[in-house]
Amino acid sequence: MTSGDGDNREVPFSVSIARPDGAEVVIAVAGEIDLTTSEDLKETFEEALEPVPGRLVVDLVDVEFCDSTGLATLVRINDRCTTQGVDLSFLPSPTIRRLALKTGLSTLLPLAGS
């Protein structure tokens, strides 16, 4: 992402896993979810499922941008959790909530606070 003042600064992307207890896993995502970062999110998600937790929380509160590739990744996470019986919850940023509402994904994705 470039800023309007001529700088070519990219918004930093980060993704991490926390296991606060044996039954719950939290994936925290910050920055942009797009074509270049969605693969990192997919890999982290796969790691979070070993072993399969009872509950997965995907913290997207610090996500500033998400393109169609990122939305597709969130849908795949949802589908996989449904298939494996994992209780999933997304903690959306205002950006993610707005995108989910505009695209109709708010009826599919389990967004906290909906």
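Up top is the structure.
Residues numbered from 1 in each chain as written. Predicted model: local features only at pLDDT ≥ 70, side-chain atom pairs only at ≥ 80, totals over all residues. Heavy atoms only, no water.

Peer 1: Would you explain the pairing of strand β3 (residues 55-66) in this entry?
Peer 2: The side chains of a regular strand alternate, first on one face of the sheet and then on the other. In this sheet, β3 lies alongside strand β2 (residues 24-33) in parallel orientation, the contact comprising 9 bridges. Each bridged residue has a counterpart across the sheet, and for V25 the counterpart in β3 is L56. This β-α-β element, β2 to helix α1 (residues 38-48) to β3, shows right-handed connectivity. You can see the chain leave β3, run along helix α2 (residues 68-84) and come back into strand β4 (residues 87-92), and the turn it takes is right-handed. (Pairing = 2+ DSSP bridges. Helix = DSSP H or I, 4+ residues; strand = E, 2+ residues; numbered from the N terminus. Right-handed = clockwise from strand over helix to strand, strands pointing away.)

Peer 1: Which parts of the structure should I look at to understand α2?
Peer 2: Count 3.6 residues to each turn of an α-helix, and residues three or four apart come out pointing the same way. A rise of 1.5 Å per residue sets the reference length of α2, with its 17 residues, at 24 Å; its end C-alpha atoms lie 24 Å apart and thus fit the reference within 8%. On its buried face, α2 sits against β2, α1, β3, β4 and α3 (94-103). At the exit of α2 stands G85, carrying a positive phi of roughly 75°. (Expected span 1.5 Å × (residues − 1). Contact = heavy atoms within 4.5 Å.)

Peer 1: Would you mind showing me how to read the side chain of T73 here?
Peer 2: Topologically, T73 is positioned in helix α2. Classification of T73 as buried rests on a relative accessible area of 1%. Dropping the residues within four chain positions of it, T73 is found in contact with S38, L41 and K42. (Buried < 20%, exposed > 50% of the residue type's maximum accessible area, 1.4 Å probe, protein only.)

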